[in-house]
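# Structural features, examined
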Amino acid sequence: MITVGVDLGGTNLRAAILHPDGALSAVQREVLSDPSPQAVLDAVVAATSTAMREAGVAPESVGAVGIGLAGQIHRASGLVAVGPNLGWRDVPFGTMLAAAFPCPVRLENDLSAAVFGEAMAGAGRGVAHLALVAVGSGVGCGLIEAGRLVDGAAGLAGEIGHMKVVPGGEACGCGEQGCLEAYVGGHRLALRARRLAEGTDPSSPLSQATVTAKDVGDAFEAGDAVARRILEEAGDHLGLAVANLVTLLNPKRVLLGGSVLLGIPYLVDRVRDGVSRFTARPALGEVEVALATLGDDAGLYGAAYLARSGASSAA
Ligand SMILES: [Zn+2]
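So, how was this worked out
- Residues numbered from 1 in each chain as written.
- Predicted model: local features only at pLDDT ≥ 70, side-chain atom pairs only at ≥ 80, totals over all residues.
- Heavy atoms only, no water.
- Helix = DSSP H or I, 4+ residues; strand = E, 2+ residues; numbered from the N terminus.
- Rg over C-alpha atoms; globule rule 2.2 N^0.38 Å.
- Areas by Shrake-Rupley, 256 points an atom, 1.4 Å probe, with all protein chains shown as cover.
- Lys, Arg positive; Asp, Glu negative; His and termini not counted.
- Charge placed at Lys NZ, Arg CZ, Asp CG, Glu CD.
- Expected span 1.5 Å × (residues − 1).
- Buried < 20%, exposed > 50% of the residue type's maximum accessible area, 1.4 Å probe, protein only.
- Arc of directions from axis to C-beta.
- Contact = heavy atoms within 4.5 Å.
- Pairing = 2+ DSSP bridges.
- Axes fitted to C-alpha atoms, helices over the stretch in contact; angles between N-to-C directions.
- pLDDT = per-residue confidence, 0-100.
- Polar contact = N/O pair within 3.5 Å; in protein donor to acceptor, adjacent residues only side chain to side chain.

Each helix and strand counted, the protein chain has eleven helices and 13 strands in total. Over its C-alpha atoms the protein chain spans a radius of gyration of 20 Å, differing by no more than 12% from the 20 Å that the globule rule assigns to 315 residues. Once the C-alpha set of the protein chain is aligned to its principal axes, its extents read approximately 60 × 45 × 30 Å. Just so you have it, the protein chain exposes about 13,300 Å², and 53% of that area is on carbon and sulfur atoms. Placing the 23 positive and 32 negative side-chain charges of the protein chain at their respective mean positions leaves the two points 4 Å apart.

Right, here's the structure in full:
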């Protein structure tokens, strides 16, 4: 079956064709200038049509479309309860998609799509008990248990970024305090480094308003003490959280991904160290920690493979 995969971010979307042999082709990228549901739907349809045309695939030969979207999705109804990157609340996007495409459409959380992509085509191939922990601007997790995605009762499983690591601690973008993301997410990591640099060494390059997580990683490599302190703290919180995830779920493999985590090797080392120190011994013996390999394409592969494996009309 030929399927289309779509990875829907907050500012752009990507779409591609997945061929029966597992090859991904005709990757399209569209900037989302208008986050309204109708405009996003139009962009999804346009990118999908362009991908099909570019790949020489007739619309009637596409068996299903899969879409990964950051947020809380009620799969039975196709309702996007919360889509933080697009500012959505209670958007019936599954119903809108079903009306726009002649074939079945599957709507999934973006990290569920990404872990499924790694399981089918990346570093999780053949692993039935798999977790993907990704750190970009946000912190999230996709989980596969006995070969099936773990969704939770309301589509909220895997929200590792909002596990509390410091009761009453740093304010998080979700409105709560002390979440893992408030220490490790790229924006927060950069903000924390900037605040600490301003207080200790205003001439530090890290005290500038434009500082990014990558700048913090680069400063660490150059021996900067502020960067070290911020990354040690972030790495400790993340390592402990991943260790607890391993103790709780007993995965065979944990993949580390996301631009911030993969862009700062010290954080990866710190997570590996945390897992080996804090995971309960029996679970530790079973687990491998590895790097995700598909990068941004994990969500595209995953959405397209999910469409192939069990597309159901979301309406
Ligand atoms: Zn939070």
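A few words on helix α1 (residues 37-55). Along its 19 residues, α1 runs 27 Å from first to last C-alpha, staying within 8% of the 27 Å computed at 1.5 Å per residue. All buried positions along α1 are accounted for by Val40, Leu41, Ala43, Val44, Ala47, Thr48, Ala51 and Met52. Seen along its axis, α1 keeps its buried residues to an arc of 165 degrees; they face one direction. Facing away from the buried side of α1 by more than 90 degrees, the exposed set consists of Arg53 and Glu54. Against the buried residues of α1 lie β1 (2-8), β2 (12-18), β3 (24-31), β4 (62-69), β7 (88-91) and α2 (93-100). Just past α1, the residue Gly56 takes up positive phi, approximately 70 degrees.

Read from one edge to the other, the open sheet built from three strands follows the order β5-β6-β7, with strand pairing classed as antiparallel. The strands lining the two open edges of the sheet, one partner per strand, are β5 (72-74) and β7. Geometrically, the sheet is characterised by an average inter-axis angle of 10 degrees between neighbouring strands, direction not taken into account. The pairing of strand β6 (residues 79-83) with β7 spans three bridges and is antiparallel. Directly across from Val80, in β7, lies its bridge partner Val91.

Take the confidence of the model for the protein chain next. When pLDDT is averaged along the protein chain, the result is 94, and 98% of the positions lie at 70 or above. Residue range residues 311-315 is modelled with pLDDT below 50. Its contacts to residues more than four positions away, or to other chains, number 17 contacts.

Attention shifts here to the side chain of Arg253. Here Arg253 is to be found in strand β12 (residues 253-257). Within the structure, the side chain of Arg253 is placed 2.7 Å from the side chain of Glu288, a separation counted as a polar contact. Excluding residues that lie within four positions of it along the chain, Arg253 makes contacts with Ala123, Gly124, Val127, His129, Leu130, Ala131, Val287, Glu288 and Ala290.

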